[in-house]
Amino acid sequence: MPKKIVFLLFLYISISAKAQLTDLARLEYSFIPKRNSGDQYTRIRALLNYPIKVKEESYFVVGAQYNRIFLNLRDDYPFDQSFLETLTILDLNLGYTFKMNTKWRAAFKLTPRLASTLNGKITGNDLFLNGGVFFIKDRTKVKDVKPYRLILGLTYNTTAGIPFPLPLISYYKAVNEKLSYTVGIPKMNVKYKLNAKNNLQTFVALDGYFAHLQRPTSVLVERVDNISLSVVASGIGYEHLLTKHLIYYAYTGYTLRLNNVLRNDNRDNIFTLDNLNSFYLRTGIKFKI
């Protein structure tokens, strides 16, 4: 499969699958240093979703997610990297969910996005539109079966550049009172409940971004218009329940795949900033339903 298609598919599943999250609020810090280098990638993420009850078992959800990315490029590059110091990604989340019957719930999501270096005037190239439709079968509270949750959906993501909806699936199951697992995207894990307030898990997770460069530049005689980071990370995670819904978490490990590149207007790879696997850290606090 061509590298460009691999990148587009990776970006699609990495970003669009975040619709699975049940977080009402989140504040998060991520850190990836470049191996054998002074470069490092850090990100601050803040998310807030507010559900509005329309009628029984039906909700309209409005929210926003803000990402501030600091590239901290310290190595010598064959171009002026000052225009790459920070990236901003801002999502407006609009959703609606209702119960179809006793077993299935439907959800619809529309997410306008601003993803840019924001060192110039905002244009249409800085704006993207994402969305999806999801069907959720949640049997985690039923007593006659082992708890499980199945999510099926179709998502559309203009960031990925694929002009048609793509399928999404995620499956969670509790093996017993202590052990559970999740298979899907953007995260797979096996979780072990230590006690009422502490959980450990092993995980494989996807992460990344795509943003427009408002000041296109020439790199090795090629014009660059966009930047992207794609990460596959694996390691150990820890969760501590501060309250029933408020959770502190930390995931640390190593990247299995890392690719931070500058791309042209066709999203072809023009210059690789980093492709060396490295340490991975993501930590924060979240409020979940």
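Let us look at the structure shown here. Quantities reported herein were computed from a predicted structural model and do not represent experimental measurements.

### Side note on the environment of Thr97
Working step 1: Tracing the backbone through its elements, the reader meets Thr97 in strand 4 (residues 86-99).
Working step 2: We classify Thr97 as buried; its relative accessible area is 14%.
Working step 3: Setting aside its immediate chain neighbours within four residues, Thr97 contacts Glu57, Ser58, Tyr59, Arg105, Ala106 and Ala107.
Working step 4: Within the local environment of Thr97, its side chain forms a polar contact with the backbone oxygen of Ala106, the two atoms lying 2.9 Å apart.

### Focus on the pattern of salt bridges
Working step 1: Following the criterion strictly, the structure yields 14 salt bridges and no others.
Working step 2: Residue Glu28 is joined to Arg45 by a salt bridge in which the shortest nitrogen-to-oxygen separation is 3.2 Å. Taken together, the residues span a long stretch of sequence, with Glu28 in strand 1 (residues 23-33) and Arg45 in strand 2 (residues 40-55) at a distance of 17 residues. A single burial state applies to Glu28 and to Arg45, both of which are buried.

### Concerning the environment of Ser278
Working step 1: Mapped onto the elements of the fold, Ser278 is located in the loop between strand 14 (269-274) and strand 15 (279-288).
Working step 2: Residue Ser278 is classed as buried on the basis of its relative accessible area, which comes to 5%.
Working step 3: In this structure the C-alpha to C-alpha distance between Ser278 and Leu179, which are 99 residues apart in sequence, comes to 29 Å.
Working step 4: When near neighbours in sequence (up to four residues on either side) are disregarded, Ser278 contacts Ile32, Pro33, Arg35, Gly253, Tyr254 and Thr255.
Working step 5: Within polar-contact distance, the side chain of Ser278 engages the backbone oxygen of Pro33 at 2.5 Å.

### A word on the nonpolar core
Working step 1: Within the largest apolar cluster, 33 residues are counted, with the highest numbers of intra-cluster contacts made by Leu71, Phe79, Leu84, Tyr209, Ile227 and Leu262.
Working step 2: Those elements that place two or more of their residues in this core are strand 4, strand 11 (198-219), strand 12 (222-241), strand 13 (246-263) and strand 14.
Working step 3: With seven residues, strand 11 is the single largest residue contributor to this core.
Working step 4: With near-sequence residues (within four places) excluded, Phe79 lies in contact with Leu84, Ser218, Val219, Leu262, Phe271 and Leu273.
Working step 5: In terms of nonpolar packing, the next biggest core, distinct from the first, is built from five residues, Ala107, Phe134, Ile151 and Leu168 among them.

### Some words on the side chain of His212
Working step 1: Secondary-structure assignment places His212 in strand 11.
Working step 2: A distance of 2.7 Å separates the side chain of His212 from the side chain of Asp126, its partner in a polar contact.

### Quick notes on the pairing of strand 15
Working step 1: Across eight bridges, the pairing between strand 1 and strand 15 is antiparallel. Bridging from a neighbouring strand, Asp23 pairs with Lys288 of strand 15.
Working step 2: Where strand 13 lies against strand 15, nine bridges are found, and the strand directions are antiparallel. Along strand 15, the bridge assignment pairs Ala250 with Thr283.

### As for the packing of aromatic side chains
Working step 1: Counted under the stated rule, the structure contains 12 aromatic pairs.
Working step 2: Taking 6.1 Å as the distance between ring centres and 75° as the angle between the ring planes, the aromatic pair formed by Tyr77 and Phe271 counts as edge-to-face. Here Tyr77 is found in the loop between strand 3 (58-70) and strand 4, whereas its partner Phe271 is found in strand 14, with 194 residues between them in sequence. Of the two residues examined, Tyr77 and Phe271, each falls in the buried class.
Working step 3: Look at Phe79 and Phe271: their rings are 5.5 Å apart centre to centre, the planes differ by 85°, and that puts the pair in the edge-to-face class. Taken together, the residues span a long stretch of sequence, with Phe79 in the loop between strand 3 and strand 4 and Phe271 in strand 14 at a distance of 192 residues.

Thresholds, definitions, all that
Residues numbered from 1 in each chain as written. Predicted model: local features only at pLDDT ≥ 70, side-chain atom pairs only at ≥ 80, totals over all residues. Heavy atoms only, no water. Helix = DSSP H or I, 4+ residues; strand = E, 2+ residues; numbered from the N terminus. Buried < 20%, exposed > 50% of the residue type's maximum accessible area, 1.4 Å probe, protein only. Contact = heavy atoms within 4.5 Å. Polar contact = N/O pair within 3.5 Å; in protein donor to acceptor, adjacent residues only side chain to side chain. Salt bridge = Lys/Arg side-chain N within 4 Å of Asp/Glu carboxyl O. Core = buried A, V, L, I, M, F, W, Y, C linked by side-chain atoms within 4.5 Å. Pairing = 2+ DSSP bridges. Phe/Tyr/Trp six-rings, centres within 6.5 Å; stacked < 30°, edge-to-face > 60°.

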